[in-house]
Amino acid sequence: MNMPATKMDIETAKPAGAAAPVVAMTPKRPPRSETYARMARETAVRVIPPLVVVALLMLVWELVCRRAGSALPPPSKVFKDTRELILDPFFDHGGIDKGLFWHLSASLQRVALGYSLSAIAGIALGVLVGQSVWAMRGLDPLFQVLRTIPPLAWLPLSLAAFRDGQPSAIFVIFITSIWPIIINTAVGIRNIPQDYRNVAAVVQLNPLEFFSKIMIPAAAPYIFTGLRIGIGLSWLAIVAAEMLIGGVGIGFFIWDAWNSSHISEIILALFYVGIIGFVLDRLIAGLGKVVTRGTAQN
């Protein structure tokens, strides 16, 4: 009489050396409360130390400048004098009598145009100098001389050439920010590993494919380092240039406040200038981190 096979019979009937069945284990996710707590700790580590330093500096500034005969106003007086500018940055009474939003917006538009032109031209020239020995020998000495000229030294020449303040300011931004982009791009191109070039020769990449698939990805960390330096120089140059060309812009706002002896307004404008400069730097750094997948310096 045939008896039904039991589980033990089946297991003993397995061929010798058969592998045991593998059970897939899904990783256990941490509770959301732990994730939120970890994010809060990381945020606190980044935010609290700067806030403490700023609070201490403000306290020292308040104590030092509250004394009689102080040339600079304390933070409490700065806020009192500029409260309307802070609470209503969008007013427009015509002419140059505008809120800080419009001055900052005009400056940012000039920076965006001049910096974009310098990024395009700088990367192109950097690739040329980095890839060609003859171009490096011919252009690098010229670049090294021109980059040492102060930004404002270009302003009279640009005014004579363009006969208008707007393109002159854009040219000053362009000529100021292009040099670090050229230099860093050229260094990145020259530092492409020879193995990459050998692989490109083996698979017979054409110049356009080599540029897009090998050259730019390999040099991207260097390129974004130059772009970060360039955006900082652009913001510095526009503030200085606008003090001389006039019109609407944060640089002219600072100069006009000085002529009117409104020191508190100058301090407020400098605060905004610093914050926007920091944000612009972080934007380029974040873009570089995404494009280079974290290999660019943060």
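Provided above is the structure to which this section pertains.
Conventions used here
Residues numbered from 1 in each chain as written. Predicted model: local features only at pLDDT ≥ 70, side-chain atom pairs only at ≥ 80, totals over all residues. Heavy atoms only, no water. Axes fitted to C-alpha atoms, helices over the stretch in contact; angles between N-to-C directions. Helix = DSSP H or I, 4+ residues; strand = E, 2+ residues; numbered from the N terminus. Left-handed = near helix turned anticlockwise from the far one by under 90°. Contact = heavy atoms within 4.5 Å. Nonpolar A, V, L, I, M, F, W, Y, C, P; charged D, E, K, R; others polar. Core = buried A, V, L, I, M, F, W, Y, C linked by side-chain atoms within 4.5 Å. Buried < 20%, exposed > 50% of the residue type's maximum accessible area, 1.4 Å probe, protein only. Polar contact = N/O pair within 3.5 Å; in protein donor to acceptor, adjacent residues only side chain to side chain. Patch = residues over 30% accessible without salt bridge, like charges linked within 9 Å, V, L, I, M, F, W, Y side chains within 5 Å. Areas by Shrake-Rupley, 256 points an atom, 1.4 Å probe, with all protein chains shown as cover. Salt bridge = Lys/Arg side-chain N within 4 Å of Asp/Glu carboxyl O.

(A) Spatial organisation of the packing of helix 6 (residues 133-146) against helix 8 (residues 165-190). As a packed pair, helix 6 and helix 8 sit with axes 10 Å apart at the nearest point and diverge in direction by 145°. When you trace helix 6 past helix 8, the crossing you get is left-handed. Contacts from Met136, Phe143, Gln144 and Leu146 of helix 6 reach helix 8 at Trp179, Ile182, Ile183 and Arg190. Looking at side-chain class alone, the contact of helix 6 with helix 8 contains six nonpolar, one polar and one charged residues.

(B) Geometry of the nonpolar core. Counting 36 residues, the largest nonpolar core has Val111, Tyr115, Leu227, Trp235, Ile238 and Ile250 as the members making the most contacts within it. With eleven residues, helix 10 (residues 207-245) is the single largest residue contributor to this core. Non-local contacts of leucine 227, meaning those with residues more than four positions away in its chain, are made with Tyr115, Ala119, Ile181 and Ile284.

(C) Summary view of the side chain of threonine 176. Checked against the element boundaries, threonine 176 lands in helix 8. A distance of 2.6 Å separates a polar side-chain atom of threonine 176 from the backbone oxygen of valine 172. Among all residues touching threonine 176, those that are not within four sequence positions of it are Pro151, Leu233 and Ala237.

(D) View of a nonpolar patch on the surface. Where nonpolar side chains cluster on the molecular surface, the patch consists of Phe271, Ile275, Phe278, Val279 and Leu283 and spans about 510 Å² of accessible area. Looking at the secondary structure, you find leucine 283 in helix 12 (residues 263-291). Under the relative-accessibility criterion, leucine 283 is labelled exposed at 54%.

(E) Looking closely at the pattern of salt bridges. Within this structure, the stated rule accounts for seven salt bridges. In this structure, glutamate 62 and arginine 66 form a salt bridge, with 2.8 Å as the shortest nitrogen-oxygen distance. Among the salt bridges present, the one from aspartate 281 reaches arginine 282, with a minimum N-O distance of 3.4 Å. Linked by salt bridges that have partners in common, Arg228, Asp281 and Arg282 make up one network.

(F) Structural detail: the environment of asparagine 184. The topology assignment puts asparagine 184 in helix 8. Distance in space between the C-alpha atoms of asparagine 184 and isoleucine 123 is 8.9 Å, their sequence separation being 61 residues. A distance of 2.7 Å separates a polar atom in the side chain of asparagine 184 from the backbone oxygen of proline 180.

(G) Fine view of unusual backbone geometry. One non-glycine residue with positive phi stands out, namely glutamine 204, at about 60°. Relative to the helices and strands, glutamine 204 is located in the loop between helix 9 (194-202) and helix 10. Taking the relative accessible area as the measure of exposure, glutamine 204 reaches 68% and is therefore exposed. A positive phi angle, close to 60°, is found at serine 261, a residue other than glycine.

(H) Inspection of the side chain of serine 177 at higher detail. Along the chain, the position of serine 177 falls in helix 8. In this structure the side chain of serine 177 is engaged in a polar contact, spanning 2.9 Å, whose partner is the side chain of serine 118. Separated by 2.9 Å, the side chain of serine 177 and the backbone oxygen of isoleucine 173 make a polar contact. Not counting residues within four places of it along the chain, the set of residues in contact with serine 177 comprises Tyr115, Ser118, Gly230 and Ser234.

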